[in-house]
Amino acid sequence: MGFVSEFKEFISKGNVLDLAVGVIIGGAFGKIVTSLTDDILMPILTLLTGGLDFKEWYLSLDGKTYPTLEAAKAAQAATINYGLFLNAVITFLLMAFAIFWLVKIANRYKKPQEVVAVADPVPTKEEILLTEIRDALRNRA
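Nothing here was measured: the structure is a model prediction, and the numbers come from that model.

S.K.: Describe the overall build of the protein, and please don't skip the residues or the numbers.
M.R.: Looking only at helices and strands, the protein has five helices and two strands in total. Taking 141 residues into account, the globule formula puts the C-alpha radius of gyration at 14 Å, and the protein, at 30 Å, lies well above it. Considering only C-alpha atoms, the protein reaches an extent of 90 × 45 × 45 Å along its principal axes. Counting only residues that meet the buried cut, the protein has 11% of its 141 residues in that class. When contacts within the protein are restricted to residue pairs at least 6 apart in sequence, long-range pairs at least 24 apart make up 41% of them. Taken as a whole, the protein presents about 12,000 Å² of accessible surface, with 68% of it coming from carbon and sulfur. A distance of 3 Å separates the average location of the 14 positive side-chain charges in the protein from that of its 15 negative side-chain charges.

S.K.: Explain the nonpolar core to me, and be specific about the residues and the numbers.
M.R.: Core analysis: the largest hydrophobic core is formed by five residues, namely Tyr58, Tyr66, Leu69, Ala72 and Ala77. Among all residues touching Leu69, those that are not within four sequence positions of it are Lys55, Glu56, Tyr58, Thr79, Asn81 and Leu84.

S.K.: An account of the confidence of the model for the protein is requested, with residue identities and associated values reported.
M.R.: Residue-level pLDDT values for the protein average 84, and 98% of them are 70 or greater. By mean pLDDT, the top-scoring element of the protein is strand E2 (residues 79-80) (94), and the lowest-scoring one is helix H1 (residues 3-11) (81).

Definitions and cut-offs
Residues numbered from 1 in each chain as written. Predicted model: local features only at pLDDT ≥ 70, side-chain atom pairs only at ≥ 80, totals over all residues. Heavy atoms only, no water. Helix = DSSP H or I, 4+ residues; strand = E, 2+ residues; numbered from the N terminus. Rg over C-alpha atoms; globule rule 2.2 N^0.38 Å. Buried < 20%, exposed > 50% of the residue type's maximum accessible area, 1.4 Å probe, protein only. Contact = heavy atoms within 4.5 Å. Areas by Shrake-Rupley, 256 points an atom, 1.4 Å probe, with all protein chains shown as cover. Lys, Arg positive; Asp, Glu negative; His and termini not counted. Charge placed at Lys NZ, Arg CZ, Asp CG, Glu CD. Core = buried A, V, L, I, M, F, W, Y, C linked by side-chain atoms within 4.5 Å. pLDDT = per-residue confidence, 0-100.

Here's what the structure looks like:
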């Protein structure tokens, strides 16, 4: 089998196509959740906390103080941006929560799989003969 035909067989499998669709939809979904966090939830949280903006929470490693994170970056100061990290954690939690509910709702409409009971297979003549030989050898010992 040539390389091209192997690649064609690989790419035409259903799992690869499903994965590609999932990645594309996941990327778009991630943008929606990021917008929900940055544009809706964080301003409300900022209002509730008295004007605190998590994006401006940082620690300057050079010992100097800067009025904003942008000013620290303009001064090329090394900073630990724990406010941005906190935003990323909140975004992740919101995304995980939204995916949880999406899967929960999708499972409601998913058809239940039929459980097929598999009967014990009937042993072949060879298996019966080998079982008899095994039992005879056990009884002999």
